[in-house]
Structure formats: structure tokens, C-alpha cells
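The residues making up each chain are set out below.
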Amino acid sequence: RPLPQASSHKKRDFLPDLLFLIDELPWKGRFLLIDNSNGVATPILWPLSSRLAGALVVNSSGFFSENFLDSKAHQKIAEVFTKRSEELSPSDRDLERILKDFAVSQFCTGPPELLESVQKEWLRAASSASDGFWRMCAAHLRWCPREHTQAISRMPVLDLEVTLACSKHAPPAVTLDSMKNLHNLLPKARFVHISDSKFWWQIENSSFVISEVVALMHRLRSQGVLQV
């Protein structure tokens, strides 16, 4: 079958396209899913549940309670994310401003030389990023205030071996509360905090997340549900 055509950048189009790509992979057995999509792909846990041995979800953001959706705090979040999404358009894209307003705000304070190195590497990578990358980033920012919640809130409780890894210093409403809300739908999940991390765990504390992946694989192998 041909790959899906470019979608209209709506979440309801993105998830079926993602599932299509997964179905086309040659591996047809059960597998361990690592979800580091910031919430964009988290809903696929449910349609994939019969094929999953387990999952590890990191910093899934934007899953708000129904009460919070009607609050002034949520309105402010929506305004900020909409503004940031618009700033990623080709005509308004200012990498220095994006780095200052968004990227650095998600990185824990560390040695000055480390922060400087991260900023330089981010600017180098961002300057050569494709238009598709920026469109996906903008779509995520548009979806986060409401569409992530709409995609997950209607899902039933899921009986699946999951580790939920949340940065200890992540934004409270957008990420910490989102992960707690997700935990309500995954009651068997192991919930852990990534110490010394605000969001960019790959730089701040990657060894902790890797150790959680290894531990989850060991548990799944001992249960006989994962073949490695």
C-alpha cells in the first residue's frame, strides 16, 4: 500500500497515519513502545494495546482535566502556545528568540559552559531543520491546549505494564498534571520522577531514563511477554 498523503495537520489525521506506518513495519510480534512524543502520539497506546508488551512514556504533556479546560490558567496556556506556534512560521521564525523564549525555559540550570554548549548545538540543528520539522512543531503547539485532551479523555482504563517517567521540575500544569491525569487511565503504571530535569532529559539525566527502560525490559521478559 502507498504511504498516506500529507495530512491537513490536524491530530485526527496524524494518529491514523502513525498507526498505518507502524502496521507496515516487518515486526508483527509484541513489542515495547517508548513514547517520547511530548503527548502527540500517546493516544496510540490504546489501539496498539493488543500488540504491546509494555510501554515507557516520558513527559506526555497537554492532557488536562475537564475542570482545568474552563479555567483562566488554561486560557493563558492556550494563548502562549498559539503565539509560539505562529512564531514558527517561515515569515516569523527567529531562532534566537525561539531559543530564548522556549528552548532554554525547558532546560534545568547547569554549569554555564554546558548551557552555552546546548544553545550552540540547538541553533546549529535548528538552522538546518526541514520545513516538515517546523510544521510538526507548530502543529504540536496548536494541539497541546485542547486536542491532546480530546484524544485521550475518552479512552477507557488500560491494563498495560507501563512506566511513566516525568521530569521532576517539569511545567506543573502542562506536564506534571498531565502525567498524573494519564496515570489515572493507566493504574498499573509505575510513576517515576526524572531528577535534575525540567524537560530535556536527554541532556539532563539520560542515564536515569535508560535504566528505567532496561528495568522495564527485564520485568517484561520475566513475565514472558517480551522476546529479545
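Values in this document were obtained by computation on a predicted structure and should not be read as measured data.

**Topic: the environment of Ser167**
Part 1: Relative to the helices and strands, Ser167 is located in strand 3 (residues 162-167).
Part 2: Sequence spacing of Ser167 and Val118 is 49 residues, and the spatial spacing of their C-alpha atoms is 18 Å.
Part 3: Apart from the residues lying within four places of it in its own chain, the contact partners of Ser167 are Asn59, Leu176, Ile194, Ser197, Lys198 and Phe199.
Part 4: In terms of polar contacts, Ser167 uses its side chain to reach the side chain of Ser197, at 2.7 Å.

**Side note on helix 3 (residues 72-86)**
Part 1: The end-to-end C-alpha distance of helix 3, which contains 15 residues, comes to 21 Å, matching closely the 21 Å that a straight helix rising 1.5 Å per residue would cover.
Part 2: Along helix 3, the residues classified as buried are His74, Ile77, Ala78, Phe81 and Ser85. Buried residues of helix 3, viewed axially, fall in a sector of 100°; they line one side. Of the exposed residues in helix 3, the ones pointing more than 90 degrees away from its buried face are Lys72 and Lys76.
Part 3: Turning to helix 3, the residues buried within the fold contact helix 2 (66-69), helix 6 (131-143) and helix 8 (172-185).

Reading the values: the criteria
- Residues numbered from 1 in each chain as written.
- Predicted model: local features only at pLDDT ≥ 70, side-chain atom pairs only at ≥ 80, totals over all residues.
- Heavy atoms only, no water.
- Helix = DSSP H or I, 4+ residues; strand = E, 2+ residues; numbered from the N terminus.
- Contact = heavy atoms within 4.5 Å.
- Polar contact = N/O pair within 3.5 Å; in protein donor to acceptor, adjacent residues only side chain to side chain.
- Expected span 1.5 Å × (residues − 1).
- Buried < 20%, exposed > 50% of the residue type's maximum accessible area, 1.4 Å probe, protein only.
- Arc of directions from axis to C-beta.

Purely geometric numbers; function is a separate question.
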